[in-house]
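# Results of the structural survey
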Amino acid sequence: MTKRDLAIEIEAASFFATDYASAGDALAGVERTFTAPRFTLLVGRTRRFTSLVTQLHIEVCGALPQANGAASVFATCQGEIQTAHRLIGEFRDAGQVSSAHFAQSVHNTPSGLYAMATRNTAPSTTLTGANAIAAGWLEAALVARDAERPVLLSIADEPVPSALGGPPEPGGVAAAFVLRSANAGARLTIESGEGGGAGDGDGDGEPQRSLELLARLVHAVTAGAAAAITLGSVLPGGVLRLHLPQRGAS
Amino acid sequence: VTDVIARPPRYAFTATAVANCLGARTETVLARAFRGENAFRPANAYCDLPFETEVGVLPIDEGSQGEALDCAPTRMARLAFASARGLGDAVRAAADRWGPRRVAYVFASSIGGLEHTERHFAPFPPVPESPYAYADHAVDATSAAVARHLGALGIRMAVSTACSSSIKALATALRLLDHDLADAVVVGSADTLSRTTLFGFHGLGLLAPTATRPFALDRHGLTLGEGSAYVLLERQGAETTRRALGWLAGLGSSSDAYHQTSPHPDGIGAELAMRQALERSGLEPGDVDFVCAHATGTRQNDAVEGAALGRIFGAKVPVTGTKSLTGHTLGTSGLTAVVLALESLRRQEIPATLRADPVDPDLGLSVVRTLAPGALANVLVNAFGFGGNNATAVVSAHPHRPEQA
């Protein structure tokens, strides 16, 4: 077993779920009527044609003004999968696609719209795939260690369309965090065994289920209690864990 | 704000592989690219469309490699493995040097497995070989299989920032090396042709009816292609230096913060990315021997990139547009250009921009129109994407920044 630590400071966190009013409610299973994001950071024409996953990202990023001017890392397991499904239907049935939907079909659509809304020319990266949550945290922590300003980490996913075989799941969930490099405080720990073969954490499995993990993260950060949360696999047989100290203890 | 600090020492490119419409094998692609061969075909070589355009199709026989893929036999997987196989010996040697868990794998793609989803939900011959699973739509659908095949058992990540994806993946790789989370990183990228992108770019009025003509006075849009590109990036060491094909000198990136599909009209974001890459390389604009431009061949993109290049380099630096050879391979285009740049350093020749005559005089650029010999040490490579996502890499023949040399 080998371990690597990266110290970070988590300055702020935000959470939004279409079916839960708060991270605490999500953990307690207290549902609400489907509530769409308001994503007020986007105004006018930039609001049009946005997908649920983009709206979710913008909602949680907009709740963190501390991130203004920050470099950003966006993470999403499936990206704009509803838009992709829609575009396929358009060319199959009508022999053309909506330019507006096509323009917003790339994984970094939320990143581009966030940059436009905040007039932020800082670099932005989008991580994706089955381990996107863990990979996003790792990337954001590394960017924070290189940058002199905070880093915005935004994580969101929308349901995979049922026509594509997506599992029944809550509507959509997102969380965002403002991270800074630090010498103490929270720690991201990469813990890896020496086996390194196929199997657990090899990345062939289902995408991470976002809701519970993101709710646990935001609840723990805002509560200020000590916690150790497994973020997921970043290498075969290895996981990334976030260790949060009790507030005031670091 | 910095995206990545390219501090010395630089990291070595110790192996490359590329596959696209010029060929399914690296040596074929490179030979044909430097001979300036046109490989585009009418779009019906790929699919029937209600409009005219050409495409760059990877010449692989579907169904011939299914048993060896170790993942769903999608076209995306065939593209990824077409290049990745070429890197196998080099990655295994790196795993021997550093340990397999110190060899990371960063994959980049713009559309991932979208083409596979299309085949299932908008029928298209040949019939898909595997039942549909939405996991095969994902950008990282091939990652575990390719990494296992190569023996890269370290950290695994997937990047998707549209057409800048693979240069952004280099930045992610650099961070893993900078922070000692890996000693070697396989950076790979693949993007297929797809009907969504063909219809989509046509709808935006950006698709050329005939072969693309970057920088030409009468340029008329882009030609889509498909392909894959892989590089092995390693920390310095005696063996690494012996094997080095070139060095990653620096990277820069920025956001336009302007429009989802159109570049900032003044090229501010592009300029910012290029200046960052130069700064982190320890190079002055005059040190750059040529630019491998993003050069999509659309009127606006070439004009904006040309203006940004002019402000940094003036009119003297040679500029080439390799999408005239490969087509626009979306997220893979940046890494494809890096592989061609490394081959330029080896050959001491700059590949030509096809069909650029007459060059648009308003661009104020020295466009390379025929294979150009030269004393080449440093190459700047641009990749810009939807969302205003800009990325630039500087590839060098030298392992050290000038002040260290």
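Relevant structure appears above.
My aim in this report is to walk through the structure given alongside it, one point at a time.

Cut-off values and rules
- Residues numbered from 1 in each chain as written.
- Chains lettered and ligands numbered in written order.
- Predicted model: local features only at pLDDT ≥ 70, side-chain atom pairs only at ≥ 80, totals over all residues.
- Heavy atoms only, no water.
- Helix = DSSP H or I, 4+ residues; strand = E, 2+ residues; numbered from the N terminus.
- Rg over C-alpha atoms; globule rule 2.2 N^0.38 Å.
- Buried < 20%, exposed > 50% of the residue type's maximum accessible area, 1.4 Å probe, protein only.
- Contact = heavy atoms within 4.5 Å.
- Areas by Shrake-Rupley, 256 points an atom, 1.4 Å probe, with all protein chains shown as cover.
- Lys, Arg positive; Asp, Glu negative; His and termini not counted.
- Charge placed at Lys NZ, Arg CZ, Asp CG, Glu CD.
- Axes fitted to C-alpha atoms, helices over the stretch in contact; angles between N-to-C directions.
- Parallel < 35°, antiparallel > 145°, perpendicular 65-115°, else oblique.
- Nonpolar A, V, L, I, M, F, W, Y, C, P; charged D, E, K, R; others polar.
- Pairing = 2+ DSSP bridges.
- Salt bridge = Lys/Arg side-chain N within 4 Å of Asp/Glu carboxyl O.
- Polar contact = N/O pair within 3.5 Å; in protein donor to acceptor, adjacent residues only side chain to side chain.
- Phe/Tyr/Trp six-rings, centres within 6.5 Å; stacked < 30°, edge-to-face > 60°.
- Expected span 1.5 Å × (residues − 1).

## Quick notes on the overall build of chain A
Check the secondary structure of chain A and you find seven helices and eight strands. Scaling as 2.2 N^0.38, a compact globule of 250 residues should have a C-alpha radius of gyration of about 18 Å, and chain A matches this with 18 Å. Reported as C-alpha extents along the three principal axes, the dimensions of chain A are approximately 55 × 40 × 35 Å. Out of the 250 residues in chain A, the part that is buried amounts to 60%. Long-range contacts, defined as pairs at least 24 residues apart, comprise 73% of the intrachain contacts of chain A with a sequence gap of at least 6. Only carbon and sulfur atoms are counted for the fraction: they give 47% of the accessible area of chain A, which is about 9,300 Å². Taking the average location of the 18 positive side-chain charges in chain A and that of its 23 negative ones, the two points are 8 Å from each other.

## Thoughts on the overall build of chain B
When helices and strands are tallied, chain B shows twelve helices and 16 strands. In terms of overall dimensions, chain B has C-alpha extents of about 55 × 55 × 40 Å along its principal axes. The buried share of chain B, taken over its 405 residues, is 68%. Surface summary for chain B: the accessible area is close to 11,800 Å², and the carbon and sulfur share equals 53%.

## Here we look at the packing of helix H6 (residues 132-146) of chain A against helix H6 (residues 165-178) of chain B
Between two packed helices, what matters for the description is the angle formed by their axes and the separation of those axes. It is the contact of H6 of chain A with H6 of chain B, at a shortest axis distance of 10 Å, that shows an interaxial angle of 70°. It follows that H6 of chain A is roughly perpendicular to H6 of chain B by the angle criterion. Taking contact as the criterion, the partners of Leu-138, Glu-139, Leu-142, Val-143 and Asp-146 of chain A in H6 of chain A are, on H6 of chain B, Thr-172, Arg-175 and Leu-176 of chain B. Class assignment for the residues of the contact of H6 of chain A with H6 of chain B results in four nonpolar, one polar and three charged.

## Here we look at the sheet that holds strand S2 (residues 41-42) of chain B
Here we have three strands laid out as an open sheet, ordered S2-S3-S7 (chain B), and mixed in their pairing. At either end of the open sheet lies a strand with only one pairing partner, and these are S2 and strand S7 (224-225) of chain B.

## As for the pattern of salt bridges
Residue and element names in this part refer to chain B. For the structure shown, the criterion picks out 30 salt bridges over all chains. A salt bridge links Arg-195 to Glu-118, with the shortest nitrogen-to-oxygen separation between them at 3.8 Å. Of this pair, Arg-195 sits in helix H7 (residues 195-203) while Glu-118 sits in helix H4 (residues 114-121), placing them 77 residues apart in sequence. Judged on exposure class, the residue Arg-195 and its partner Glu-118 are both buried. Measuring nitrogen to oxygen at the nearest pair gives 2.9 Å for the salt bridge that ties Asp-360 to Arg-219. On the criterion of sequence distance, the pair formed by Asp-360 in the loop between strand S12 (349-350) and strand S13 (366-367) and Arg-219 in the loop between H7 and S7 is long-range, its members being 141 residues apart. Connected through shared salt-bridge partners, Arg-102, Asp-180, Asp-183 and Arg-235 make up one network.

## Describing the side chain of Asn-378 of chain B
Residues and elements named next belong to chain B. Along the polypeptide, Asn-378 turns up in strand S15 (residues 378-385). For Asn-378, a relative accessible area of 6% corresponds to the buried category. Engagement of the side chain of Asn-378 in a polar contact is seen with the side chain of Ser-396, the distance being 2.7 Å. When sequence neighbours within four positions are dropped, the list of residues in contact with Asn-378 reads Leu-283, Asp-287, Val-288, Asp-289, Phe-290, Leu-345, Val-395 and Ser-396.

## Points about the packing of aromatic side chains
Within this structure, the stated rule accounts for ten aromatic pairs over all chains. Aromatic side chains Phe-91 of chain A and Phe-199 of chain B sit 5.3 Å apart centroid to centroid with 10° between the ring planes, which places their arrangement in the stacked category. Of this pair, Phe-91 of chain A sits in helix H3 (residues 81-94) while Phe-199 of chain B sits in helix H7, on two different chains. Both residues of the pair, Phe-91 of chain A and Phe-199 of chain B, count as buried. On the numbers, 6.3 Å between centres and 5° between planes, the contact of Tyr-105 of chain B with Phe-107 of chain B is stacked. In this structure, Tyr-105 of chain B and Phe-107 of chain B share a single accessibility class: buried. Joined through ring pairs, the aromatic side chains of Phe-91 of chain A together with Phe-51 and Phe-199 of chain B make up one cluster.

## Looking at the side chain of Ser-233 of chain A
Relative to the helices and strands, Ser-233 of chain A is located in strand S7 (residues 227-235). On the basis of relative accessibility, which here comes to 17%, the residue Ser-233 of chain A falls in the buried class.

## Describing the pairing of strand S2 (residues 71-76) of chain A
Residues and elements named next belong to chain A. S2 sits mainly inside the fold: six of its six residues count as buried. Where burial is concerned, the two faces of S2 agree: the one with Ala-71, Val-73 and Ala-75 and the one with Ser-72, Phe-74 and Thr-76 are both buried. With five bridges joining them, S2 and strand S4 (residues 151-157) adopt parallel strand pairing. Looking across to S4, one finds that Val-73 is bridged to Leu-153. Across five bridges, S2 lies against strand S3 (residues 124-128) in parallel orientation. What sits directly across from Phe-74, in S3, is Thr-126.

## Some words on helix H5 (residues 143-150) of chain B
All names here are of chain B. Counting buried positions along H5 yields six of eight residues, so the element is predominantly enclosed. Those residues of H5 that sit buried are Ser-143, Ala-144, Ala-145, Val-146, Ala-147 and Leu-150. Buried positions along H5 lie against helix H2 (75-84), helix H3 (88-98), strand S4 (103-108), strand S5 (156-159), strand S6 (184-191) and strand S8 (227-234). Two residues or fewer past H5, Gly-151 is found with a positive phi of approximately 80°.

## Notes on the environment of Arg-299 of chain B
Residues and elements named next belong to chain B. Within the secondary structure, Arg-299 sits in helix H10 (residues 299-313). By relative accessible area, Arg-299 is classed as partly exposed at 43%. Along the sequence, Arg-299 and Gln-348 sit 49 residues apart, while their C-alpha atoms lie 30 Å from each other. Those residues in contact with Arg-299 that lie beyond four places of it in its chain are Leu-217, Asp-218, Arg-219 and Asp-360.

## Brief notes about H10 of chain B
Residues and elements named next belong to chain B. Taking 1.5 Å as the rise per residue, H10 with 15 residues should run 21 Å; its terminal C-alpha atoms sit 21 Å apart, in good agreement. For H10, the set of buried residues is Asp-302, Val-304, Glu-305, Gly-306, Ala-308, Leu-309, Ile-312 and Phe-313. Where H10 is buried, its residues meet helix H9 (268-281), strand S10 (290-292), strand S11 (318-320) and S15. The positive-phi residue at the C-terminal boundary of H10 is Gly-314, with phi of around 70°.

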